Amino acid sequence: MTLAPASYTQVGQATRRQDGPAKVRGEARYAADWHFPGTLHARLVVSPYAHARIVRLDPAPALARPGVVRVVTAAELPIKPGSSPSRLRNPLALDEVTFYGQPVAVVLGESEAAAEDGAAALAVQYEALPVAADLESSLKPEAPSIRKDSKHSSNVANRIEFKEGDLEAGWREAAVVIEQTYQLPMVHQGYLETQSCLAVPERGGLTLYPSVQTLFRTRREVAQALGLPMSKVKIVLPEIGGGFGGKAVLLEPLVAALALLTHRPVALSFTRAEDLAAANPAPACKIYLKLGARQDGTLCAMQARFWFNNGVYPSAPLQVVGFMLGHAYPVSNFEIEGQEVLSHRVGASSYRAPGVPQYVFALESHLDAMAQALELDPLEMRRRCQGTQASESFRQVCERLEGTPLWQNRRHKEPNEGFGLAFGQLVTCLEPAMASCRLEDDGTFALVTGVADITGVSTGLAQIAAQVLGVETEQVAVVVADSDSAPYAGDSGGSKMTYNLGAAVYRAAQEAREQILHIAAEKLESSPDDLELQTGQVSVRGTPSRSLSLPQLASATMNYEAAFTPVCGQGRVAFTDYPVGFFAHLAHVRVDPETGDVAVLNYLAVHDVGFAINPAEVEGQIHGGVTQGLGWALYEGLVYDEHGTLLSNTLMDYALQTARQVPPIQTELVFVPSEEGPFGAKGIGEPPIVPGAAAIGNAIFDAVGVRVYELPATPERVRRAIKGH
Ligand code: MOS
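Procedures and definitions
Residues numbered from 1 in each chain as written. Predicted model: local features only at pLDDT ≥ 70, side-chain atom pairs only at ≥ 80, totals over all residues. Heavy atoms only, no water. Axes fitted to C-alpha atoms, helices over the stretch in contact; angles between N-to-C directions. Helix = DSSP H or I, 4+ residues; strand = E, 2+ residues; numbered from the N terminus. Parallel < 35°, antiparallel > 145°, perpendicular 65-115°, else oblique. Left-handed = near helix turned anticlockwise from the far one by under 90°. Contact = heavy atoms within 4.5 Å. Nonpolar A, V, L, I, M, F, W, Y, C, P; charged D, E, K, R; others polar. Pairing = 2+ DSSP bridges. Core = buried A, V, L, I, M, F, W, Y, C linked by side-chain atoms within 4.5 Å. Buried < 20%, exposed > 50% of the residue type's maximum accessible area, 1.4 Å probe, protein only. Polar contact = N/O pair within 3.5 Å; in protein donor to acceptor, adjacent residues only side chain to side chain. Salt bridge = Lys/Arg side-chain N within 4 Å of Asp/Glu carboxyl O. Expected span 1.5 Å × (residues − 1). Phe/Tyr/Trp six-rings, centres within 6.5 Å; stacked < 30°, edge-to-face > 60°.

**Comments concerning the packing of helix 9 (residues 318-327) against helix 10 (residues 356-374)**
Part 1 of the reasoning: Running from amino to carboxyl end, helix 9 crosses helix 10 at an angle of 30°, the nearest separation of the two axes being 9 Å. One way to sum up the angle between helix 9 and helix 10 is to call them roughly parallel. Between helix 9 and helix 10 lies a crossing of right-handed hand. Contacts between helix 9 and helix 10 involve Val 320, Val 321, Met 324 and Leu 325 from the former and Val 356, Tyr 359 and Leu 363 from the latter.
Part 2 of the reasoning: Here the contact of helix 9 with helix 10 is composed, by residue class, of seven nonpolar, no polar and no charged.

**Details of the sheet that holds strand 17 (residues 433-439)**
Part 1 of the reasoning: Spatial strand order, 19-18-17-23: four strands in an open sheet with mixed pairing. Edge positions in the sheet fall to strand 19 (476-480) and strand 23 (568-573), since each has one partner strand and no second. Between one strand axis and the next, the sheet turns through 20° on average, direction left out of account.
Part 2 of the reasoning: Relative to the sheet, helix 15 (residues 497-524) contacts strand 17, strand 18 (445-449) and strand 23, its axis offset from that of strand 23 by approximately 150°.

**Some words on the nonpolar core**
Part 1 of the reasoning: By size, the foremost hydrophobic cluster in this structure holds 156 residues, and its most contacted members are Met 302, Leu 325, Tyr 359 and Met 381.
Part 2 of the reasoning: Among the elements that take part in this core, helix 10 stands out by supplying eleven residues, more than any other.
Part 3 of the reasoning: Listed in part, the 54 residues of the second largest apolar core include Ala 465, Ala 489, Leu 531 and Phe 611.

**Some points on unusual backbone geometry**
Part 1 of the reasoning: Between Leu 711 and Pro 712 the backbone carries a cis peptide bond, its omega angle lying at -5°.
Part 2 of the reasoning: Note that Pro 712 resides in the loop between helix 18 (692-704) and helix 19 (715-723).

**Quick notes on the packing of helix 10 against helix 11 (residues 378-386)**
Part 1 of the reasoning: Running from amino to carboxyl end, helix 10 crosses helix 11 at an angle of 105°, the nearest separation of the two axes being 9 Å. With respect to their mutual orientation, helix 10 and helix 11 come out roughly perpendicular. For the pair formed by helix 10 and helix 11, the contact residues are Glu 364, Leu 367, Asp 368, Met 370, Ala 371 and Leu 374 on the first element and Pro 378, Met 381, Arg 382 and Cys 385 on the second.
Part 2 of the reasoning: Broken down by class, the residue content of the contact of helix 10 with helix 11 amounts to seven nonpolar, no polar and three charged.

**What about the pairing of strand 23?**
Part 1 of the reasoning: Only one face of strand 23 is buried: it carries Gly 569, Gly 571 and Val 573, and the other face, with Cys 568, Gln 570 and Arg 572, is open.
Part 2 of the reasoning: Both strand 17 and strand 23 contribute to a ladder of six bridges, which runs antiparallel. Bridge assignment links Cys 437 to a residue of strand 23, and that residue is Gly 569.

**Observations concerning helix 7 (residues 252-262)**
Part 1 of the reasoning: Buried residues dominate helix 7, accounting for nine of its eleven residues.
Part 2 of the reasoning: Among the residues of helix 7, those classed as buried are Glu 252, Pro 253, Leu 254, Val 255, Ala 256, Ala 257, Leu 258, Ala 259 and Thr 262.
Part 3 of the reasoning: The first or second residue beyond helix 7 is His 263, which carries a positive phi of 55°.

**So, the side chain of Asp 608**
Part 1 of the reasoning: Secondary-structure assignment places Asp 608 in strand 25 (residues 598-608).
Part 2 of the reasoning: By relative accessible area, which is 4% here, Asp 608 ends up buried.
Part 3 of the reasoning: In terms of polar contacts, Asp 608 uses its side chain to reach the side chain of Lys 682, at 2.5 Å.
Part 4 of the reasoning: If we ignore the near neighbours within four places in the chain, the residues touching Asp 608 are Ser 393, Val 397, Val 580, Gly 581, Phe 582, Val 670, Phe 671, Val 672 and Lys 682.

**Some remarks on the pattern of salt bridges**
Part 1 of the reasoning: Evaluated as defined, the whole model comprises 36 salt bridges.
Part 2 of the reasoning: Note that Asp 19 is salt-bridged to Lys 23, the shortest N-O span being 2.9 Å.
Part 3 of the reasoning: Classification of Lys 23 as partly exposed rests on a relative accessible area of 24%.
Part 4 of the reasoning: Arg 717 is paired through a salt bridge with Glu 710; the nearest N and O atoms lie 3.3 Å apart.
Part 5 of the reasoning: Residue class for Glu 710 comes out partly exposed when judged on its relative accessible area of 33%.

**Observations concerning the sheet that holds strand 21 (residues 537-540)**
Backbone-to-backbone hydrogen bonds pair the strands of a sheet. The strands run either parallel or antiparallel.
Part 1 of the reasoning: The sheet built from three strands is open, its strands ordered 20-21-22 with antiparallel pairing. Pairing within the sheet leaves two strands with one partner each, and these edge strands are strand 20 (531-534) and strand 22 (543-549). With strand direction ignored, the average angle separating the axes of adjacent strands in the sheet is 30°.
Part 2 of the reasoning: Each of strand 20, strand 21 and strand 22 is contacted by helix 15, which is oriented at about 125° to strand 20, the strand it contacts most.

**Quick notes on helix 18**
Part 1 of the reasoning: Its 13 residues give helix 18 an end-to-end C-alpha distance of 18 Å, which sits within 8% of 18 Å, the value for a rise of 1.5 Å per residue.
Part 2 of the reasoning: Gly 692, Ala 693, Ala 694, Ala 695, Ile 696, Gly 697, Asn 698, Ala 699, Ile 700 and Ala 703 are the residues of helix 18 that are buried.

**A short note on the packing of aromatic side chains**
Part 1 of the reasoning: For the coordinates displayed, the defined rule picks out 17 aromatic pairs.
Part 2 of the reasoning: Centroid distance Phe 162 to Phe 323: 6.4 Å. Interplanar angle 70°. Geometry classified as edge-to-face. Of the two residues, Phe 162 is situated in strand 7 (residues 156-164) and Phe 323 in helix 9; the sequence distance between them amounts to 161 residues.
Part 3 of the reasoning: A relative accessible area of 41% means that Phe 323 is categorised as partly exposed.
Part 4 of the reasoning: Consider the rings of Phe 394 and Phe 423, whose centres lie 5.3 Å apart with planes at 40°: the pair is tilted. In this pair, Phe 394 is assigned in helix 12 (residues 392-402) and Phe 423 in strand 16 (residues 417-425), connecting sequence segments 29 residues apart. Both residues of the pair, Phe 394 and Phe 423, belong to the buried class.

Just geometry here; none of it tells us what the structure is for.
In structure tokens, the structure reads:
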């Protein structure tokens, strides 16, 4: 965009988060912190079976407990059936359960304790049915059908195929061919705040206080599920304790239905165990990859097959994985096939860059092995693969990496230490967005948006507006409005807030600026072109004595008989061009060859972010994403037994890292500006999680000469790879 970097006083400055103090002091109000008189507390009764018929459900013992008001089952919910099977339209099992932890009934009590007592007393009798919880058993011809309502004969819900060139001819050109199968488990997004929602009946409709990253989508889903007009459903966004893709509507239709049914406010929060068992984790994935390279390192042939185990409902990112496998590096001949397989597990959904860490783990591990076989340096291998197609972003990321001490010193390592490199590239989502920017009496600005702030992006938005308006960032207050009053914007996700919404904010601020200059021009009897707006003053260029402050200008619009219209700028965008952005991670590990334990000693993340609006927050995103990537690489995984029972349903068993396990993370920011992002910025929300597993895998190989093809790379798996058994 237009300003020269040297003139930036607000954007590009490391700026403290505006939401920080309230969160640190415990004043921020999350969904479960809202209280209304007469609220009923909901507790779920969940299935201990992955697949079973509900033989009998007797509410009497629950209703006999003091404080229990009502027991609700599926048949009573005022929710309309959807056109396709969906968890949102079927929040309670009707007569059959299809995953461990599936809610079968809700107990409503006057207190949380009463509801919990009631749920424990409720008697449900099940008849166990055959289970297919993993890919292999679900794909067997004799496997039980996961969805009886599905149009498919097998448990394959969706299938894609990408083909290009002549595969046989491709193999003939290859100097080296390697084939391998990679596997990644289901993982949970690991947000600290569990799924939570409060619904309050009012105005003949409902107001919801949900923990979601999707304002307008939540309203749409709830209104459609309950058959209410949009005007009768209002969504208020509380502060949110993490989303990472997992908070895109889940409990809201259920809680809204309970409030409609009882005419009382209803609150429901998942317990940690319920959240681990019954929310919407990332799908498990298996990728078979056979890749051929010419002697010069360019790729000539690829055959890939991959499968997502998506649990009981379809939603797997087949397109992204299929397309990116064939196009991340140019390969002239390929055949790629992907399948989405259903199973008796909880329905999977989005997690930070859905599908991307999965394909990158396979492809970047594979390229490392190819480089080894061709006796090429791993960075040189990627350069050769990109070849003449290499973008400016890729080239600058490579150069920055080469300049770092961690890269330069990688050969001076102790025994059992290793360095692993892996690349990734931005897969930004595009979605229209709008924002408005209003001048207040006191010369500050209200920047009104309709998006949940899941990442601290609000402070960056304030910086963008402040830069355009010639004020300090603190003079811009970001207001997250409710669905009745907010300017429309899409979901918070897809690495698109700064890129899309930030551009709308830029335009809104520009429009407000033009309105201000127009008013000042009349009052100062000057032309708008001769005016400058800075440090909260509009003055005639070269004549600083002829000036007006922003409060003076505001009062010319906000009083009886004031002659000027109120200042309010609107910005709207609907982008169609995807920004190009590369990143490279370098992991330094030490492997204990006896125990198989992997210690991450250092970690470097080089990201092209176009431009860093708030470098401190960009760094924070990288630290968080890298940590989640390392979790996937080394520790995390939802573990199911052959009966589909989740074994890791507490945080004692599901190994989220603690702060102590997180290595020093060094960040390097590269700025290759985007065409449309504000000040050239690109997204940074999702990318940092992406290359972690491949970088760690490649580092393990560099340390001890073996590869782990199944994540997480636990000590047991690493030790088995080293010992060969
Ligand atoms: Mo995301 S997985 O678009 O929050």
